[in-house]
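In case you want the letters, here they are:
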Amino acid sequence: MTTPPAEVLDGQHATELRKAARALLKQPLLLAHGKHADEFRLVRRHASELRDWFDRNTGWPLHVDAETARLRKIPGVLHDATHPARETTRAAAPFTRRRYVLLCLALAALERGESQIALGRLADQVVLDATDPGLVASGIHFTLDRREERLDLAAVVRLLLDLGVLRRVAGDEDAYVNGAGDVLYDVERRVLAGLLATRRGPSTVQAEDTADRLEQLVAETALDSEELRFRAMRHALTRRLLDDPVLYYDELSDAELGYLTRQRGFLTARVAELTGLVAEIRAEGIAMVDPEDDLTDVRMPEQGTHGHITLLLAEYLAEEGRPVTTRRLAERVRELALVHGTFWSKAAREPGAEAELVEQAVARLAALGLVSRTADAAEPRPALARYAVGEAVVLEPGTPGGARMPAQRKAGPA
């Protein structure tokens, strides 16, 4: 029997809308040119529906023009540091505090500058701005005379190139780092102007404490009615369902938990309809699992030596069911090397490599909501039970059996 044309068109529309929404969740800043041009065209075609959906369900504004599409995401959890920005050419190098400060100083310099800038000139402006008494008092000091500092600035520039803020005209960052040359960039001012995702200007925030400053940057208008309070809870919970690998009930306030208990079916159905994610509901919380396994920046399991070690440590922690010190985890890696070392890289088998291997594994597990970290230990979270060897996985009806745990937050612009 032939499918009616109207149904075919409806199906195509729903498929395109889903692809557009997923594209924005993976890359909240899309450009009309470059590697995400196809996704940009889809988002622009469905901009009105997407704008309405995100505004109603998350409170995230969506701006689309002829050149850019920017979903100004505000995280459900403001203080989660498990998904740092990373240098695009070195996936294993998360941004440090110094790189984040350099990023902010570079953006400030670009905002004041012309439509073209050389990397050496940008470096000079960053060094000058770093002499601000407030930065000096907080321990910030840059000269960019040392190669290590120039490497950090090059990492910042490569991130800005990947985001489309800068476009390389001539030169190479490696030559600058080695003191053998300079680089010239075009500054895409329209993209630069859309990076900041706050409800108020940072200069208007008076709080001194970092946590308080973050709260004030994204604070909503006064929630002086029941309707506004319910809307704020709906936004917060939907953000976490979209952005976090696991939404644990014990992390919610009593009011949020009560609202989620009443509206769980509605919230998860809305997310599933737009994105294709599927709700896996347990006694401890909810994970929106991605059957396509691409709406994530951290995968589990992952191929390669680090992925194998992470999986083996996940099994060990799940079986222990209690906090395990990093020292004991390092000992466990040495034990595992006796059994599995022939499959690992040479560097992973070197004496003393255990500490870095444990750090990378625990950081990945924390990013996936599978463990929580203290200064010297990793504590299993309920979702880690899926990696216990030999344990049966019991799901509620209608949940998938083989999908991987997602981690939808994308490093880069929030």
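Everything below is about the structure printed above this text.
What counts, and where the lines are drawn
- Residues numbered from 1 in each chain as written.
- Predicted model: local features only at pLDDT ≥ 70, side-chain atom pairs only at ≥ 80, totals over all residues.
- Heavy atoms only, no water.
- Pairing = 2+ DSSP bridges.
- Helix = DSSP H or I, 4+ residues; strand = E, 2+ residues; numbered from the N terminus.
- Buried < 20%, exposed > 50% of the residue type's maximum accessible area, 1.4 Å probe, protein only.
- Phe/Tyr/Trp six-rings, centres within 6.5 Å; stacked < 30°, edge-to-face > 60°.
- Lys NZ or Arg CZ within 6 Å of the ring centre and 35° of its normal.
- Core = buried A, V, L, I, M, F, W, Y, C linked by side-chain atoms within 4.5 Å.
- Axes fitted to C-alpha atoms, helices over the stretch in contact; angles between N-to-C directions.
- Parallel < 35°, antiparallel > 145°, perpendicular 65-115°, else oblique.
- Left-handed = near helix turned anticlockwise from the far one by under 90°.
- Contact = heavy atoms within 4.5 Å.
- Nonpolar A, V, L, I, M, F, W, Y, C, P; charged D, E, K, R; others polar.

A. Region of the structure containing the pairing of strand E12 (residues 377-380). In this structure, strand E10 (residues 324-325) lies alongside E12, joined through 2 bridges in antiparallel fashion. Residue Thr-325 lies in a different strand from E12, and its bridge partner there is Ala-377. Alignment of strand E11 (residues 371-373) against E12, held across 3 bridges, turns out to be antiparallel. Its bridge partner being in E12, Arg-373 is matched across the sheet by Ala-378. Linking E11 to E12, which pair antiparallel, is a turn of 3 residues.

B. Here's a closer look at unusual backbone geometry. Positive phi values are uncommon outside glycine, yet Leu-144 reaches one of about 60°. Assignment of secondary structure puts Leu-144 in the loop between helix H6 (133-137) and helix H7 (147-163). According to the relative accessible area criterion, Leu-144 is buried, its value standing at 6%. One non-glycine residue, Asp-293, lies in positive phi territory at about 55°. Looking at the element boundaries, Asp-293 is found in the loop between strand E9 (285-289) and helix H13 (304-320). When its relative accessible area of 16% is taken as the criterion, Asp-293 is described as buried.

C. Representation of the environment of Lys-73 within the structure. Here Lys-73 is to be found in the loop between strand E3 (68-71) and helix H4 (97-112). Sequence-wise, Lys-73 and Leu-196 are 123 residues apart; in three dimensions their C-alpha atoms are separated by 9.9 Å.

D. A look at the packing of aromatic side chains. Tallied over the entire structure, the rule returns 4 aromatic pairs. Taken together, a centroid distance of 5.3 Å and an interplanar angle of 85° make the contact between Trp-53 and Phe-54 edge-to-face. With respect to burial, Trp-53 and Phe-54 carry one shared label: buried. Over the face of the ring belonging to Tyr-248 we find Arg-381, whose NZ or CZ atom lies 4.0 Å from the ring centre.

E. Representation of the nonpolar core. With 42 residues, the main nonpolar core has Leu-24, Val-43, Leu-50, Phe-54 and Leu-260 as its most contacted residues. No other element matches helix H1 (residues 5-26), which puts 6 residues into this core. If you look at the next biggest cluster of nonpolar residues, it comprises 39 residues, including Val-101, Ala-109, Leu-159 and Leu-161.

F. Structural context of the packing of H4 against helix H5 (residues 119-129). Where H4 contacts H5, the two axes come as close as 9 Å, and the packing angle between them is 115°. Between H4 and H5, the crossing angle belongs to the class labelled roughly perpendicular. Where H4 crosses over H5, the two elements pack in a sense that is right-handed. Contacts from Leu-102, Leu-105, Ala-106, Ala-109, Leu-110 and Arg-112 in H4 reach Leu-122, Gln-125, Val-126 and Asp-129 in H5.

G. Spatial organisation of the environment of Leu-214. Residue position: Leu-214 is located in helix H10 (residues 210-218). Spatially, the C-alpha atoms of Leu-214 and Ala-21 are 26 Å apart, while their sequence positions differ by 193 residues. In this structure Leu-214 touches Leu-78 and His-79, once residues within four positions along its chain are discounted.

H. Broad picture of the sheet that holds strand E4 (residues 116-118). Spatially, the 3 strands line up as an open sheet ordered E4-E6-E5, and their pairing is antiparallel. The sheet is open, and its two edges are formed by E4 and strand E5 (166-171), each paired on a single side. The average undirected angle you get between the axes of adjacent strands in this sheet is 25°. Sheet strands touched by H7: E5 and strand E6 (183-187). Its angle to E5, the strand with the most contacts, is close to 120°.

I. Local environment of the packing of helix H14 (residues 326-340) against helix H15 (residues 354-367). Closest axis-to-axis distance for the H14/H15 pair is 9 Å, and the angle between their directions is 110°. Between H14 and H15, the angle is such that the two are roughly perpendicular. Of the residues in H15, those touching H14 at Thr-326, Leu-329, Ala-330, Val-333 and Arg-334 are Glu-354, Leu-357, Val-358 and Val-362. Residues that form the contact of H14 with H15 fall into these classes: 6 nonpolar, 1 polar and 2 charged.

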